[in-house]
Amino acid sequence: MFDIAKLAKRLRSQKGFTLVELMVVVVIIGILVAIAIPIYNNVTANAREKACAANIRALTGAAGMYLAEQGNYPGDIDDLAPNYIDEVPDCPVDENAGYSIDENGVVTCSHTSGGGGETQ
Ligand SMILES: [Zn+2]
């Protein structure tokens, strides 16, 4: 019914991949990885920039509420927490960067060299 010797003989006789075939597969995988890694890094960097811009918009909105209640913009971005925003977020691009606000309510992030803040 079930001949183990016959099965072992059949398994031994099967041919595997040649070295050239394996090398072709490895090269193809390498090319795909070489294409995918820069795309992935670009996507994550772009997402961090967008998240920073969203933080600036949220802080600008909080500064608008501060202006409506207090009659002037806050002197320091940390004055917005906790009454106008739960907490001042950290910049997702650069953990050493921080947000600041000027006397006109323009919020900027220090990770951008050219300001990067939005005008109202
Ligand atoms: Zn930033």
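All values reported here derive from a predicted model rather than from experimental measurement. (Residues numbered from 1 in each chain as written. Predicted model: local features only at pLDDT ≥ 70, side-chain atom pairs only at ≥ 80, totals over all residues.)

**Q** Quick question: what am I supposed to make of helix α2 (residues 19-70) here?
**A** Since the α-helix turns once every 3.6 residues, residues separated by three or four places project in the same direction. For α2, built from 52 residues, the straight-helix expectation of 76 Å at 1.5 Å per residue is met to within 8% by its first-to-last C-alpha distance of 75 Å. All of the buried residues along α2 are Cys-52, Asn-55, Ile-56, Leu-59, Ala-62, Ala-63 and Tyr-66. Packed against the buried residues of α2 are β1 (99-101) and β2 (107-109). One or two residues past the end of α2 sits Gly-71, with phi positive at roughly 90 degrees. (Helix = DSSP H or I, 4+ residues; strand = E, 2+ residues; numbered from the N terminus. Expected span 1.5 Å × (residues − 1). Buried ≥ 20, exposed ≤ 12 C-beta atoms within 10 Å, placed from the backbone. Contact = placed C-beta atoms within 7 Å.)

**Q** Just to check I follow, could you spell out the environment of Gly-64 for this structure?
**A** Within the secondary structure, Gly-64 sits in helix α2. Considering only alpha carbons, one finds Gly-64 and Cys-91, 27 residues apart in sequence, at a separation of 20 Å.

**Q** Explain the nonpolar core to me, please; I cannot follow it from the model alone.
**A** Note that soluble globular proteins tend to have their nonpolar side chains buried in a common cluster. Formed by Cys-52, Ile-56, Leu-59, Ala-62, Ala-63, Tyr-66, Leu-80, Tyr-99, Ile-101, Val-107 and Cys-109, the largest nonpolar core amounts to 11 residues. Looking at this core, the elements with two or more residues in it are α2, β1 and β2. (Core = buried A, V, L, I, M, F, W, Y, C linked by C-beta atoms within 7 Å.)

**Q** Would you mind going over the confidence of the model for the protein with me for this structure?
**A** Low-confidence regions, as indicated by low pLDDT, have predicted coordinates that should not be scrutinised in detail. Chain-level statistics for the protein give a pLDDT mean of 89 and a share of 92% at 70 or above. Summarising per-element confidence for the protein, the mean pLDDT is lowest in helix α1 (residues 4-13) (82) and highest in α2 (96). Low pLDDT, under 50, characterises residues 115-120; the stretch is placed with 13 contacts to residues that sit more than four places away or in other chains. (pLDDT = per-residue confidence, 0-100.)

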